[in-house]
Amino acid sequence: MELTAPTARYGSDRHGLVCGFLFENQSPGRPITLDDALAWLAVASSGPTAGFVWLHFNLTDASAESWMKTHLPLAPEYFEALHEGSRSTRIEDASDQLVAVVNDVAFEFSFDPSEIASLWMTLNDRLAVSARTHPLRSVDRLRQAVKDGCRFDSSMALLNHLLHDQGDVLVRIVREATLQADAVEDALATGKLQPKRATLGKLRRVLVRLQRLLAPEPGALFRLLRQPPPWIAPHDLDELRQSTEEFSMVLRDLSTLQERIKLLQEEITAQVGEQTNRSVFTLTVVTVLALPINIIAGLLGMNVGGIPLADNPHGFLWIAALVVTFTAVAGWLAFRQRD
């Protein structure tokens, strides 16, 4: 079958198609249009044909979902997953089709919780369809790998490659977060605590959200590995199992890093509390030291008769000496209590 090379465009093609590739005869993926994909699927459904088609859609195009419903043989569970509230990472079997919800980070990730989004993917032995609402880093790496000539012998191998890319992205995020935590830990002695507290709080929120969304649901994965669809090859299942084990290791690193950030936050809180206590103590000492002066000045300032030393030429010196003595005694008692 002759394929028409798609015209290069910025962003998505008609009906929200970002990219489409045909994999057959152990060859690198060839770019195809939606019409070419439908024609190839029609030929593949009429007889044994090796290969598969990958179509990647942009869901911000209003016609993308309706076109998929009309022209592609996709399971209803896939379209339900597009609209349901739960977006935790999972891979489920739906009528011999796999439905995967893969959470990923934005292409320009800057440790903002809003930059974590979902990629919905469904696949069978002849077709792999993925859709997203925002540009994501892992699927973009997969698309670039296909353009560079990476070969896939099955749609399951494509999904495994995507999961490996996502694991690599997650490892890089953990490394960058560890470097930020190291910088905060090294800066604790400088006394610049308020900006560091804000940095740690933001970093911890991102890591918690990543762990909650990226941790694969063990129940769905266990059911898939125990009773996989018949078209999945054993080596692809082994690759999937290996990918989940890598995810588990990275998620353990995430948990360890979260505990470290929690300890740093507690240390900063303790230092802030200590600074507050010092400030309160200094204010208390100043108040105590000023107390004798205020009392004596108030007593001597009464406009009544019998003020002591009123007629003594050295009265001011006696009163000043008395005030200094009381202040010195109060200061000595205050600082001795502090020690």
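None of the values given here were measured: they were computed from a predicted structure.

Chemist: Looking at this model, I keep getting lost on the pairing of strand E3 (residues 52-58). Mind explaining?
Modeler: The side chains of a regular strand alternate between the sheet's two faces. Within E3, 7 of the 7 residues are buried, which leaves it mostly tucked inside the rest of the structure. Residues Phe 52, Trp 54, His 56 and Asn 58 of E3 are buried on one face, and the alternating residues Val 53, Leu 55 and Phe 57, pointing to the opposite face, are buried as well. Sheet topology note: the strand E1 (residues 17-23)/E3 ladder contains 6 bridges and is antiparallel. Residue pairing across strands places Leu 22 opposite Val 53, the latter belonging to E3. With 6 bridges joining them, E3 and strand E7 (residues 127-132) adopt parallel strand pairing. Bridge pairing in E7 links Leu 55 to Val 129.

Chemist: I tried to follow the packing of aromatic side chains on my own but got confused; where do I start?
Modeler: Given two aromatic rings, their pairing is described by the distance between the two centres and the angle made by the two planes. Under the definition given, this model contains 5 aromatic pairs. Centroid distance Phe 23 to Phe 152: 5.7 Å. Interplanar angle 80 degrees. Geometry classified as edge-to-face. Taken as a pair, Phe 23 in strand E1 and Phe 152 in the loop between helix H4 (137-147) and helix H5 (155-186) lie far apart in primary sequence, 129 residues in all. Judged by its relative accessible area of 1%, Phe 23 is buried. By way of ring pairs, the aromatic residues Phe 23, Phe 52 and Phe 152 are connected into one cluster.

Chemist: Would you explain H4 in this entry?
Modeler: Residues spaced three or four apart along an α-helix face the same direction, because each turn holds 3.6 residues. All buried positions along H4 are accounted for by Arg 137, Ser 138, Val 139, Leu 142, Ala 145 and Val 146. A positive backbone phi angle near 105 degrees is found at Gly 149, which sits one or two residues after H4.

Chemist: Even after reading the chapter, I still don't get the pairing of strand E4 (residues 90-94), so can you show me in this structure?
Modeler: The pairing of E4 with strand E5 (residues 97-105) spans 5 bridges and is classified as antiparallel. If you follow Glu 92 over to E5, its bridge partner there is Val 99. Connecting the antiparallel pair E4 and E5 is a turn made up of 2 residues, with Ser 95 showing a positive phi of about 55 degrees.

Chemist: Looking at this structure, I do not really get the packing of H5 against helix H8 (residues 234-300). What am I missing?
Modeler: Between H5 and H8, whose axes approach to 10 Å, the crossing angle comes to 15 degrees. The angle between H5 and H8 falls in the class roughly parallel. You can see that H5 and H8 cross each other, and the crossing is left-handed. The class makeup of the residues in the contact of H5 with H8 is 16 nonpolar, 6 polar and 7 charged.

Chemist: How should I be thinking about the pattern of salt bridges in this particular structure?
Modeler: Pairing is possible between side chains that carry opposite charge, provided their charged atoms lie close to one another. What the rule picks out here adds up to 9 salt bridges. The residue Arg 260 makes a salt bridge to Asp 182 at a minimum N-O spacing of 2.3 Å. Separated by 78 residues along the polypeptide, Arg 260 in helix H8 and Asp 182 in helix H5 bring together distant segments of the chain. Residue classification places Arg 260 among the partly exposed residues on the basis of a relative accessible area of 24%. A relative accessible area of 26% places Asp 182 in the partly exposed class. Notably, a salt bridge pairs Asp 238 with Arg 241, separated by 3.0 Å at the nearest N-O pair. Placement of the pair is Asp 238 and Arg 241 together in helix H8, with a separation of 3 residues, close to one helical turn.

Chemist: What is the right way to read the environment of Ala 94 from this model?
Modeler: Here Ala 94 is to be found in strand E4. With relative accessibility at 5%, the residue Ala 94 sits in the buried group. C-alpha of Ala 94 to C-alpha of Glu 77: the two residues are 17 residues apart in sequence and 6.7 Å apart in space. Those residues in contact with Ala 94, other than ones at most four positions away along the chain, are Ala 75, Glu 77 and Val 99.

Chemist: In this structure, what is going on with the sheet that holds strand E6 (residues 116-123)? I would like to understand it.
Modeler: Backbone-to-backbone hydrogen bonds pair the strands of a sheet. The strands run either parallel or antiparallel. The strand order across the open sheet built from 7 strands is E2-E1-E3-E7-E6-E5-E4, with neighbouring strands paired in mixed fashion. A single partner strand is all that each edge strand has here, and the edge strands are strand E2 (30-31) and E4. In this sheet, E2 lies alongside E1 in antiparallel orientation, the contact comprising 2 bridges. Note on E2: the bridge partner recorded for Leu 22 is Arg 30. Strands in contact with H5 are E3, E4, E5, E6 and E7; relative to E5, the strand with the most contacts, it is inclined by about 20 degrees.

Chemist: How should I be thinking about the confidence of the model for the protein in this particular structure?
Modeler: Any region with low pLDDT has predicted coordinates that should not be read closely. Here the protein shows a mean pLDDT of 80. Residues at 70 or above account for 86%. Within the protein, no element has a lower average pLDDT than helix H7 (residues 218-226), which sits at 72, and none a higher one than E3, at 92. Every residue in residues 1-11 scores below 50 in pLDDT, and together they form 15 contacts with partners more than four places removed in sequence or on other chains.

Criteria and cut-off values
- Residues numbered from 1 in each chain as written.
- Predicted model: local features only at pLDDT ≥ 70, side-chain atom pairs only at ≥ 80, totals over all residues.
- Heavy atoms only, no water.
- Buried < 20%, exposed > 50% of the residue type's maximum accessible area, 1.4 Å probe, protein only.
- Helix = DSSP H or I, 4+ residues; strand = E, 2+ residues; numbered from the N terminus.
- Pairing = 2+ DSSP bridges.
- Phe/Tyr/Trp six-rings, centres within 6.5 Å; stacked < 30°, edge-to-face > 60°.
- Axes fitted to C-alpha atoms, helices over the stretch in contact; angles between N-to-C directions.
- Parallel < 35°, antiparallel > 145°, perpendicular 65-115°, else oblique.
- Left-handed = near helix turned anticlockwise from the far one by under 90°.
- Nonpolar A, V, L, I, M, F, W, Y, C, P; charged D, E, K, R; others polar.
- Salt bridge = Lys/Arg side-chain N within 4 Å of Asp/Glu carboxyl O.
- Contact = heavy atoms within 4.5 Å.
- pLDDT = per-residue confidence, 0-100.

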